[in-house]
Amino acid sequence: MIKTERITNTFRAFGNRNYSLFFGGQSVSQIGTWMQRTGVSWVVYTMTHSAFMLGLTVFVSQFPSFLFSLLGGIASDRYNRYKVLLITQIASMVQAVLLAILTYANHYRVWEILLLSGILGVINAFDVPARQPLIHEMVTDKADLPNALALNSSMVNLARLIGPALSGIILVKFGAGTCFLLNAVSFVAVIISLLLMKLPVYVTAPVKKKIRSDLSDGFTYLKNTSSIRIMMLMLGLISLLVLPYNTLLPVFAKVVFKGDAATYGYINSFIGAGAVISSVFLASVKPEANLKFILLINTIVLGVSLLLFSQFSYFPLAMFFAALSGFGMMCQTTICLTIIQVDSDPEMRGRVMSYVAMAYFGMLPLGSLIIGVISQKIGAPAAIFFSGYNCTYYCGFIL
């Protein structure tokens, strides 16, 4: 009986029809997204053999989200988030189709891949601020919201487990073009799920301020809300000097572990496996649990696992620490996002999420450039050791 209650508690957000549809569609789409990310990184590294170019690829794909995320947040607060999300999903599908066509033509160059990656970054600047607050509208019982956010993270990370593994196999057997094409097809699932939803009738906001006023109001709200401000600072620092370790995984696959595209896929999948376990753990956490204490413990787990991962070239042992880093990373990120969303006022939620996108999509690409340069100077293992050290140091912000 107790076990049944725990299972019911873990998946209680699925009692909301709209959220169940969203979860199903996004599950398929996220697998395709991770296949494309893995394929792009592998193609660029295979063409250039440069850790710096890997960093530049991440920078180009995510920095536009930093530049335009505030506009995306304003669009999310001013307009129908459902329609904004539908448009961004269709645009992402078109981008994946163009990338697949370019790759199948077999005359592509690095700058062309970077250009399409930059276009996707602009799309994501409007997608993220609309998608996250829309979950609030999908969940009728607001007590289920933390569970819905945790399940959403589990879905993303299950995709991170499956997507890179599939991508590694497909890259070896069929090439990158097939990865990109499958990603394009995966968007059909999320578009259908959106069309099947029955959301409350959208009511247009009666008064719309100037964009500058909206931006100012969002920043003032963030500055005056300490719980959100601290989590935002934490997320920004982790995104700048810790999470970019992912950028160097192709180097580990090819140089440290003497492997190929499949090896790269396996590394990502072990990280994803740890993240999936982490997400299920968070979904099972009771509402009265101390999230900041869990955040502290998992920030330490992330830092220590990266320190150890960087020092072992024995693949099975390194994969254990990779999975552990995935667990700590997902707990750390998800709890920060949960605290930010739960503590945000409904009318400010879109702009708050746009600042979250700035903290993540702005700092992560800059961090990827930094770690790419550092890796060129001192090597990939030392660069990831540096990331692990930074993570353990940031624990002081939680205390």
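Please read these numbers as outputs of a predicted model, since none were measured by experiment.

**Student:** Which parts of the structure should I look at to understand the overall build of the protein chain?
**Tutor:** Helix and strand counts for the protein chain stand at 15 helices and zero strands. In terms of C-alpha radius of gyration, the protein chain reaches 20 Å, essentially the compact-globule figure of 21 Å for 399 residues. Projected onto its principal axes, the C-alpha coordinates of the protein chain cover approximately 55 × 50 × 50 Å. A fraction of 86% describes how many contacts in the protein chain between residues 6 or more apart in sequence connect residues 24 or more apart. Within the structure as shown, the protein chain displays about 16800 Å² of accessible surface, and the carbon and sulfur contribution to it stands at 70%.

**Student:** When you look at a nonpolar patch on the surface in this model, what are you seeing that I'm missing?
**Tutor:** Where nonpolar side chains cluster on the molecular surface, the patch consists of Y104, L181, V185, V188, I192 and L196 and spans about 530 Å² of accessible area. Considering each element in turn, the nonpolar patch owes the most residues, five residues, to helix α7 (residues 176-196). Here V188 is to be found in helix α7. V188 sits in the partly exposed class, given a relative accessible area of 38%.

**Student:** Mind showing me how you'd approach the pattern of salt bridges here?
**Tutor:** By the definition in use, this model includes two salt bridges. For the salt bridge of R81 with E137, the shortest nitrogen-to-oxygen distance reads 3.6 Å. Placement of the pair is R81 in helix α4 (residues 81-105) and E137 in helix α5 (residues 110-138), with a sequence separation of 56 residues. R81 sits in the buried class, given a relative accessible area of 11%. Given a relative accessible area of 34%, E137 falls into the partly exposed group. Between D127 and R131 there is a salt bridge, with the nearest N and O atoms lying 2.1 Å from each other. Taken together, the residues span about one helical turn, with D127 and R131 both in helix α5 at a distance of four residues. The buried category is assigned to D127, whose relative accessible area is 0%.

**Student:** Help me out: how do you make sense of the side chain of Q89 in this one?
**Tutor:** Locating Q89 in the fold gives a position in helix α4. Of the residues examined, Q89 reaches a relative accessible area of 3% and is grouped as buried. Leave out the neighbours within four places in its chain, and Q89 touches Q26, S29, D127, F187, V190, I191 and L194.

Rules used in this analysis
- Residues numbered from 1 in each chain as written.
- Predicted model: local features only at pLDDT ≥ 70, side-chain atom pairs only at ≥ 80, totals over all residues.
- Heavy atoms only, no water.
- Helix = DSSP H or I, 4+ residues; strand = E, 2+ residues; numbered from the N terminus.
- Rg over C-alpha atoms; globule rule 2.2 N^0.38 Å.
- Contact = heavy atoms within 4.5 Å.
- Areas by Shrake-Rupley, 256 points an atom, 1.4 Å probe, with all protein chains shown as cover.
- Patch = residues over 30% accessible without salt bridge, like charges linked within 9 Å, V, L, I, M, F, W, Y side chains within 5 Å.
- Salt bridge = Lys/Arg side-chain N within 4 Å of Asp/Glu carboxyl O.
- Buried < 20%, exposed > 50% of the residue type's maximum accessible area, 1.4 Å probe, protein only.

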